[in-house]
Amino acid sequence: MTAADGGRSARTAAAGEDRGDTVAGVVRQWRAVHPGLDTGPMEIIGRINRCAALLQQAEDAPLRRAGLSRAEFDLLGALRRTGHELTPGELARETFSSGAAVTKRLKQLTERGLVERRGDTRDRRVAHVHLTDAGRDLVDGILPAQLAYESAVLSGLTASRQTDLAAVLGDLLVQLEGRLGGLRG
């Protein structure tokens, strides 16, 4: 570890202790047990994980009102934003879901009349999925309300802090996708 790394970890640690969030308490406990341990990574990853858990618990009010889960909306959104049919395998990659989860969600969305499946004329094992008019209308109707909900969730941060956070998380995501993306299969 370089002096610069140590300085950054010390600054991160000091900033984290002052926050009083759940992760800061966990870090204090670990420092009491292992005082020489660098908890800087825990402060970042722990907060990302905690934020993700809290956001998932909130369950996206506009989606809930429409009777959709986030995972179902992600499938519908992938079909809408790409503008063309996708196979279940492509949908799994687009939504970072397992094939089994996509199959289950597609069955439910098909039963609701939001998507349709079409068999491939050359390979009967392949299905192509597209939005119905009802599915397209639902996505287009929910998206503005969902974005407004997400803006409200982030409203405690200034526009500048939101921009900075998006950039830092984007940098982290690029690194993780490069390192870990190949492990997903």
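Residues numbered from 1 in each chain as written. Predicted model: local features only at pLDDT ≥ 70, side-chain atom pairs only at ≥ 80, totals over all residues. Heavy atoms only, no water.

**Observations regarding the overall build of the protein chain**
Next, step 1: Along its length, the protein chain carries nine helices and two strands.
Next, step 2: Traced from its N-terminal end to its C-terminal end, the protein chain shows the element sequence α-α-α-α-α-α-α-β-β-α-α.
Next, step 3: Considering only residue pairs separated by 6 or more positions, the protein chain has 51% of its internal contacts joining residues 24 or more positions apart.
Next, step 4: Summed over all atoms, the accessible surface of the protein chain reaches about 12300 Å², with 57% contributed by carbon and sulfur. (Helix = DSSP H or I, 4+ residues; strand = E, 2+ residues; numbered from the N terminus. Contact = heavy atoms within 4.5 Å. Areas by Shrake-Rupley, 256 points an atom, 1.4 Å probe, with all protein chains shown as cover.)

**What to know about the layout of surface pockets**
Over the atoms, a rolled probe matching the size of one water molecule traces out where space is still vacant.
Next, step 1: By volume, the second largest pocket amounts to about 230 Å³.
Next, step 2: In terms of lining, the second largest pocket is formed by 14 residues, of which the most central are Arg70, Phe73, Asp74, Gly77 and Arg81.
Next, step 3: Ranked by the residues each element gives to the lining of the second largest pocket, the list is headed by helix α5 (residues 70-82), at six residues.
Next, step 4: Taken together, the residues of the lining of the second largest pocket sort by class into five nonpolar, three polar and six charged. (1 Å grid on protein atoms, 1.4 Å probe; cavity = no way out; pocket = protein on both sides within 12 Å on 5 of 7 lines; lining within 4 Å. Points joined across faces, edges and corners; volume = space filled by probe spheres on them. Nonpolar A, V, L, I, M, F, W, Y, C, P; charged D, E, K, R; others polar.)

**Examining unusual backbone geometry**
Next, step 1: With a phi close to 55°, Phe96 is a non-glycine residue in the positive phi region.
Next, step 2: Tracing the sequence through the fold places Phe96 in the loop between α6 (88-95) and α7 (99-111).

**Some remarks on helix α2 (residues 22-33)**
Quick reminder: α-helices carry 3.6 residues per turn. Residues three or four places apart thus point the same way.
Next, step 1: Helix length check: α2, at 12 residues, gives a terminal C-alpha distance of 17 Å against a target of 16 Å (1.5 Å per residue), a fit within 8%.
Next, step 2: Every buried residue of α2 is accounted for by Val23, Ala24, Gly25, Val27 and Arg31. (Expected span 1.5 Å × (residues − 1). Buried < 20%, exposed > 50% of the residue type's maximum accessible area, 1.4 Å probe, protein only.)

**Here we look at the pattern of salt bridges**
Next, step 1: In the structure shown here, the tally under the stated rule is 11 salt bridges.
Next, step 2: Glu111 is the partner of Lys107 in a salt bridge, and the nearest nitrogen-oxygen pair spans 2.7 Å. Here Lys107 and its partner Glu111 are both found in helix α7, four residues apart, which amounts to about one turn of the helix. The same class applies to Lys107 as to Glu111, namely exposed.
Next, step 3: A salt bridge links Asp133 to Arg136; the nearest nitrogen and oxygen atoms lie 2.9 Å apart. In this pair, Asp133 and Arg136 are both assigned in helix α8 (residues 133-153), three residues apart and thus about one turn of the helix distant.
Next, step 4: Judged by relative accessible area, which is 29%, Arg136 ranks as partly exposed. (Salt bridge = Lys/Arg side-chain N within 4 Å of Asp/Glu carboxyl O.)

**Topic: the environment of Thr82**
Next, step 1: Looking at where Thr82 falls in the secondary structure, it is placed in helix α5.
Next, step 2: For Thr82, a relative accessible area of 26% puts it in the partly exposed group.
Next, step 3: Taking C-alpha positions, Thr82 is 9.9 Å from Glu94, a pair spaced 12 residues apart along the chain.
Next, step 4: A polar contact is formed between the side chain of Thr82 and the backbone oxygen of Ala78, at a distance of 2.8 Å.
Next, step 5: Of the polar contacts made by the side chain of Thr82, one reaches the backbone oxygen of Leu79; its length is 3.4 Å. (Polar contact = N/O pair within 3.5 Å; in protein donor to acceptor, adjacent residues only side chain to side chain.)

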